[in-house]
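Chain by chain, the residues:
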Amino acid sequence: MGTADGSGGGSPRGPLYPQLSLVALASTPGATTPPPRSLHLAAVMPDLPFLPFCAFLGSLGLGCMAFVSVWCQHWRGGFAWDGSARMFNWHPVLMVTGMVVLYGAAALVYRLPPTWRGPKLPWKMLHSTLALIAFILAVLGLVAVFNFHNASGTPNMYSLHSWLGLGTILLFSCQWVAGFSAFLLPYAPIWLRALYKPIHIFFGSTILMLSMASCVSGINEKLFFSLKNGTASVPYKLLPPEAVFANILGLLIILFGVLVLCALAKPSWKRPGADSLDTHQPLLGAEH
């Protein structure tokens with residue numbers, strides 16, 4: 001699964017150090033302990049309302065999906081499932097939709113205020129389902145590109161983009177299986193859940209960063225191949241409209257991913273409570 005944040009509880013959330021500031025803490029007589037790292041982050045990051053931010057992020061994700069679809073439809077000839085170049089066009093669409101947009105949505109499930117109270121099992125199921133759909137789309141994207149390469153006689157797995165992309169999907173599959181086993185099955189012991197939880201969160205963010213890198217490198221690689229000197233009416237170096245459009249797509253993907261990572265790092269948007277029921281209850285057994 002993605003960046004499962006197991007922290008949470010049913011009690012209303014209060015602000016961290018409500019009456020203190022970094023200046024006040026630093027000037028307190030006899031204060032020898034520096035303020036916690038989360039307080040530093042809270043002071044640096046702007047205090048934005050989550051729901052408008054989330055709505056903007058959703059619009060940005062839809063924009064990424066629209067841009068990659070228009071690129072492949074308008075400039076690359078559309079879509080098919082027949083081993084042709086039009087079959088390849090499914091590859092960027094499925095990867096951006098699955099490994100960036102849906103994966104980012106799965107990561108942000110635990111930042112939604114309704115997840116801070118009540119039973120967590122429905123949100124666990126939503127988180128894992130979104131991640132599973134993202135993984136299925138990524139696998140279909142791999143099928144599309146491998147079938148195209150095999151039909152056209154193009155070698156597989158020779159570029160840095162292909163290595164990075166396949167490695168990201170393999171890491172994602174391990175992350176999903178480990179998260180499902182640890183947090184949704186009633187067999188993992190408490191100590192194992194507590195041990196694995198920060199690892200799961202860390203690799204969730206790491207996979208999103210790798211997904212962004214894979215998508216951007218893939219866009220660049222496709223533009224280099226498609227807009228070569230002598231084969232395109234306007235080469236890549238002269239920035240034809242397709243190159244401008246696809247470059248903007250890459251920037252939108254990076255912006256979306258960075259904003260998701262910022263939302264995950266913002267302390268005031270994390271679920272309140274340090275002791276999570278995730279770590280102490282089997283979610284398919286004793287959840288109530």
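Everything discussed here concerns the structure shown above.
Per chain, residues are indexed from 1 in the order of the written sequence. In view of the model being predicted, local features appear only for residues whose pLDDT reaches at least 70, and side-chain atom pairs are presented and counted only at 80 or more, with totals across whole chains, interfaces and linings using the full set of residues. Side-chain calculation: all heavy atoms of the structure are included, whereas hydrogens and water are not.

(A) View of helix 8 (residues 190-226). Here helix 8 contains 37 residues, and its C-alpha end-to-end distance of 53 Å stays within 8% of the 54 Å for a straight helix at 1.5 Å per residue. Of all bends in helix 8, the biggest is about 30 degrees, found at Tyr196, and the proline Pro198 comes one to four residues later. Helix and strand assignments come from DSSP, with helices taken as H or I runs of at least 4 residues and strands as E runs of at least 2, each series counted from the N terminus. A helix is expected to span 1.5 Å multiplied by its residue count minus one. Axes are fitted to the seven residues ending at a residue and to the seven starting at it; the angle between these axes is taken as the bend at that residue.

(B) Here's a closer look at the packing of aromatic side chains. Stacked, edge-to-face and tilted labels apply to pairs of Phe, Tyr and Trp rings (six-membered ring for Trp) whose centres lie within 6.5 Å, assigned for plane angles under 30 degrees, over 60, and everything in between, in that order. Under the counting rule described, the total for this entry stands at twelve aromatic pairs. With a centroid separation of 5.8 Å and an interplanar angle of 80 degrees, the aromatic rings of Phe135 and Phe172 are classed as edge-to-face. With a gap of 37 residues between them, Phe135 in helix 6 (residues 121-152) and Phe172 in helix 7 (residues 160-183) connect regions that are remote in the sequence. When the centroid spacing of 5.1 Å and the interplanar angle of 10 degrees are considered together, the rings of Trp176 and Phe180 count as stacked. Taken as a pair, Trp176 and Phe180 lie in helix 7 at a separation of four residues, close to a single helical turn. Residue burial is assigned from relative accessible area. The probe radius is 1.4 Å, only protein chains are included, and a residue is buried under 20% of its type maximum, exposed over 50%, and partly exposed in between. Phe180 sits in the partly exposed class, given a relative accessible area of 26%. An aromatic cluster of at least three residues, connected via ring pairs, comprises Phe50, Phe53 and Trp269. Here Lys124 stacks its cationic end above the ring of Phe183, 4.7 Å away from the centre of that ring. One residue, Lys266, lies across the ring of Trp269, its end atom 5.5 Å from the ring centre. Over a ring means this: the NZ of a Lys or the CZ of an Arg is within 6 Å of the ring centre and within 35 degrees of the ring normal.

(C) Region of interest: the environment of Leu126. With respect to the helices and strands, the residue Leu126 is situated in helix 6. The sequence separation of Leu126 and Tyr110 amounts to 16 residues, and the corresponding C-alpha distance is 10.0 Å.

(D) Inspection of the packing of helix 5 (residues 90-107) against helix 6 at higher detail. Angular values range over 0 to 180 degrees, each being the angle between N-to-C directions of two axes fitted as lines to C-alpha atoms, with helices fitted over their stretch in contact. The N-to-C vectors of helix 5 and helix 6 enclose an angle of 165 degrees; their axes lie 8 Å apart at closest approach. Classed by the angle they form, the pair helix 5 and helix 6 counts as roughly antiparallel. Seen from above, helix 5 lies across helix 6 with left-handed handedness. Side by side, helix 5 and helix 6 meet where Trp90, His91, Leu94, Met95, Thr97, Gly98, Met99, Leu102, Tyr103, Ala105, Ala106 and Ala107 of the first sit next to His127, Leu130, Ala131, Ile133, Ala134, Leu137, Ala138, Leu140, Gly141, Leu142, Ala144 and Val145 of the second. Of the residues belonging to the contact of helix 5 with helix 6, the class tally is 19 nonpolar, five polar and no charged. If an angle is under 35 degrees, it is roughly parallel; if it is over 145, roughly antiparallel; if it lies from 65 to 115, roughly perpendicular; otherwise it is oblique. Here a crossing is taken to be left-handed if its near helix is turned anticlockwise relative to the far helix by less than a right angle, and right-handed if that turn runs clockwise. Should any heavy atoms of two residues lie within 4.5 Å, those residues are considered in contact. Here the nonpolar group is Ala, Val, Leu, Ile, Met, Phe, Trp, Tyr, Cys and Pro; Asp, Glu, Lys and Arg are the charged ones; every other residue, Gly included, is treated as polar.

(E) Just the environment of Val96, in detail. Among the structural elements, Val96 can be located in helix 5. The class of Val96 is buried, set by a relative accessible area of 2%. A sequence separation of 119 residues divides Val96 from Cys215, and the C-alpha atoms of the two residues are 6.7 Å apart.

(F) Inspection of helix 3 (residues 50-75) at higher detail. For helix 3, built from 26 residues, the straight-helix expectation of 38 Å at 1.5 Å per residue is met to within 8% by its first-to-last C-alpha distance of 37 Å. Along helix 3, the positions that sit buried rather than exposed are Phe50, Phe53, Leu57, Leu60, Gly61, Cys64, Val68, Trp71 and Cys72. With its phi angle positive at about 100 degrees, Gly77 sits one or two positions after the end of helix 3.

(G) Spotlight on the nonpolar core. By size, the foremost hydrophobic cluster in this structure holds 49 residues, and its most contacted members are Leu57, Trp71 and Ile253. Top element by residues in this core is helix 9 (residues 241-265). It accounts for twelve residues. Buried Ala, Val, Leu, Ile, Met, Phe, Trp, Tyr and Cys residues that are joined via side-chain atoms within 4.5 Å together make up what is termed a nonpolar core.

(H) Structural context of the pattern of salt bridges. Between Lys or Arg on one side and Asp or Glu on the other, a salt bridge is scored when a side-chain nitrogen of the former is within 4 Å of a carboxyl oxygen of the latter. Counted by the stated rule, this structure contains two salt bridges. When the shortest N-O distance is used, the salt bridge between Glu242 and Arg76 registers 2.8 Å. Taken together, the residues Glu242 in helix 9 and Arg76 in the loop between helix 3 and helix 4 (85-88) connect sequence positions 166 residues apart. For Glu242, a relative accessible area of 4% puts it in the buried group. When its relative accessible area of 22% is taken as the criterion, Arg76 is described as partly exposed.

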